[in-house]
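As a plain string of letters, each chain reads:
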Amino acid sequence: MDVTLLGPLNFDYTRSRGSKPVLVLNPFSWTKVSNVIYLDTPVGAGFSYAKNSDAYKTSDTLSSKHVHDFLRKWVRDHPRFINNPLYIAGVSYSGIVVPIIAQEIYNGNEAGNKPHLNINGYIIGNPLTDRDTDFNSRIPYANRFALLSDPLFQSAKENCLGDYLNPANSLCARDLSEVDECLMFINAYNILEPSCGSFEGTRGASSPLRLLQLQQTGCRVIIYLSVVAE
């Protein structure tokens, strides 16, 4: 995903054949205006690994401390970047972790830890912040954007008492079943885009070229890559 969303390269799907994609330069790469470090965290995520099993026992706060330590060591080893404005960025569950990392950095700077990190802020995309708040807000949001009718929304609101994650009675469960049916083909990440992962054969596909073959009218390649990332 980093290759196609932010990095210097894109896949040329029209000229790619078999299992080997053809790469082209991405004119909108973030690397044109910034230096980007992609970090797999916590340990065990992506290509990251530990040398003993105890190191895999982690938490949001502990992994944030690890990222903080890594950044100071990295800047120490690459001093030409020390004055560059630093932004911590992440998506999805990183909405929990990124603010903790930023706070760790600010705390370290105030404590006089060296080298000083020139943090300017943080960036979070489609972030998880609080599970109850985030997921319970989806139904009022869907109603405000005319994805749910007013009668269905009002019924769910009254029967579920604002808790749409844990239906406490049969009326609430009935309403939520109708809500699920109404939103079945809505792209939860961008309601203005078609739900390209909803048809049989797409979700779980491992090859971007295979996804291109499955492409529906109005569905952009980047959406299919999002489906693979899920």
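Remember, it's a predicted structure, so these values are computed and weren't measured experimentally. (Residues numbered from 1 in each chain as written. Predicted model: local features only at pLDDT ≥ 70, side-chain atom pairs only at ≥ 80, totals over all residues. Heavy atoms only, no water.)

Enquirer: Explain the overall build of the protein to me, please; I cannot follow it from the model alone.
Expert: A count of helices and strands for the protein gives 9 helices and 4 strands. For the protein, with 230 residues in total, the buried portion stands at 29%. Once local pairs closer than 6 in sequence are excluded, the contacts in the protein between residues at least 24 apart make up 53%. Of the roughly 15200 Å² that the protein leaves accessible, carbon and sulfur atoms contribute 55%. (Helix = DSSP H or I, 4+ residues; strand = E, 2+ residues; numbered from the N terminus. Buried < 20%, exposed > 50% of the residue type's maximum accessible area, 1.4 Å probe, protein only. Contact = heavy atoms within 4.5 Å. Areas by Shrake-Rupley, 256 points an atom, 1.4 Å probe, with all protein chains shown as cover.)

Enquirer: For this particular structure, what's the right way to read the side chain of Asn-143?
Expert: Inspection of the secondary structure puts Asn-143 in helix 5 (residues 138-144). Taking the relative accessible area as the measure of exposure, Asn-143 reaches 14% and is therefore buried. Those residues in contact with Asn-143 that sit more than four places away from it in its chain are Leu-148, Ser-149, Asp-150 and Phe-153.

Enquirer: Looking at this structure, I do not really get the environment of Tyr-164. What am I missing?
Expert: Its location among the elements puts Tyr-164 in the loop between helix 6 (150-160) and helix 7 (170-182). Among the residues examined, Tyr-164 registers a relative accessible area of 11% and is labelled buried. Residues in contact with Tyr-164, not counting those within four places in the same chain, are Asn-136, Ile-139, Pro-140, Phe-153, Ala-156, Lys-157 and Leu-176.

Enquirer: Is there a simple way to think about the pairing of strand 1 (residues 9-17) in this case?
Expert: Regular strands show a simple pattern: their side chains alternate between the two faces of the sheet. Of the pairings in the sheet, the one linking strand 1 to strand 2 (residues 20-25) comprises 5 bridges and is antiparallel in character. Residue pairing in the sheet places Asn-10 in a bridge with Val-24 of strand 2. Here strand 1 folds back onto strand 2 in antiparallel fashion, the turn holding 2 residues, of which Gly-18 has a positive phi close to 65°. (Pairing = 2+ DSSP bridges.)

Enquirer: Help me understand the state of the cysteines, please; the structure alone is not making it clear to me.
Expert: What makes a disulfide is a covalent bond joining the sulfur atoms belonging to two cysteines. Per the counting criterion, the structure on display carries 1 disulfide. Covalently, Cys-160 is tied to Cys-172 through a disulfide, its sulfur atoms 2.0 Å apart. Note on the Cys-160 and Cys-172 pair: the S-S dihedral is about 105°, so by sign convention the disulfide is right-handed. Taken together, the residues span a long stretch of sequence, with Cys-160 in helix 6 and Cys-172 in helix 7 at a distance of 12 residues. Each member of the pair, Cys-160 as well as Cys-172, carries the same accessibility label: buried. (Disulfide = S-S within 2.5 Å.)

Enquirer: Got a minute to help me understand the pattern of salt bridges in this structure?
Expert: Opposite charge on two side chains lets them pair, provided their charged atoms get close. Under the defined criterion, the tally for this structure stands at 5 salt bridges. Across the pair Lys-57 and Asp-54 runs a salt bridge, and its minimum N-O distance is 3.5 Å. Asp-54 carries the same exposure label as Lys-57, and that label is exposed. One salt bridge connects Asp-175 with Arg-174, and the closest N-O pair in it is separated by 3.0 Å. (Salt bridge = Lys/Arg side-chain N within 4 Å of Asp/Glu carboxyl O.)

Enquirer: Sorry if this is basic, but what is going on with the nonpolar core here?
Expert: A general trend in soluble globular proteins is that nonpolar side chains are found buried together. Core analysis: the largest hydrophobic core is formed by 12 residues, namely Val-67, Leu-71, Val-75, Leu-86, Ile-88, Val-97, Val-98, Ile-101, Ala-102, Ile-105, Leu-117 and Ile-119. Mapped onto this core, the elements with two or more residues apiece are helix 2 (60-77), strand 3 (86-91) and helix 3 (94-110). Per-element accounting of this core gives the leading share, 5 residues, to helix 3. Once residues lying within four places of it in the same chain are set aside, the contact partners of Leu-117 are His-68, Leu-71, Arg-72, Val-75, Leu-86, Ile-105 and Asn-109. If you look at the next biggest cluster of nonpolar residues, it comprises 11 residues, including Leu-152, Phe-153, Cys-160 and Tyr-164. (Core = buried A, V, L, I, M, F, W, Y, C linked by side-chain atoms within 4.5 Å.)

Enquirer: Help me understand the layout of surface pockets in this model?
Expert: Vacant regions in the atomic arrangement are exposed by a probe of water-molecule size rolled over the atoms. Roughly 280 Å³ of internal volume is contained in the second largest pocket. Contributing to the lining of the second largest pocket are 15 residues, with Thr-41, Val-43, His-66, Val-67 and Phe-70 lying nearest its centre. Along the lines of polarity and charge, the residues of the lining of the second largest pocket split into 7 nonpolar, 5 polar and 3 charged. (1 Å grid on protein atoms, 1.4 Å probe; cavity = no way out; pocket = protein on both sides within 12 Å on 5 of 7 lines; lining within 4 Å. Points joined across faces, edges and corners; volume = space filled by probe spheres on them. Nonpolar A, V, L, I, M, F, W, Y, C, P; charged D, E, K, R; others polar.)

Enquirer: Just checking my understanding: could you explain the packing of aromatic side chains for this structure?
Expert: Any aromatic ring pair is given by two values, namely how distant the centres are and how the planes are angled relative to each other. On inspection of all chains with the given rule, the structure shows 2 aromatic pairs. Arranged with centres 5.2 Å apart and planes meeting at 40°, the rings of Trp-74 and Phe-81 form a pair that is tilted. The partly exposed category is assigned to Trp-74, whose relative accessible area is 23%. Between the NZ or CZ atom of Arg-131 and the centre of the ring of Phe-135, over which it lies, the distance is 4.7 Å. (Phe/Tyr/Trp six-rings, centres within 6.5 Å; stacked < 30°, edge-to-face > 60°. Lys NZ or Arg CZ within 6 Å of the ring centre and 35° of its normal.)

Geometry only, nothing functional implied.
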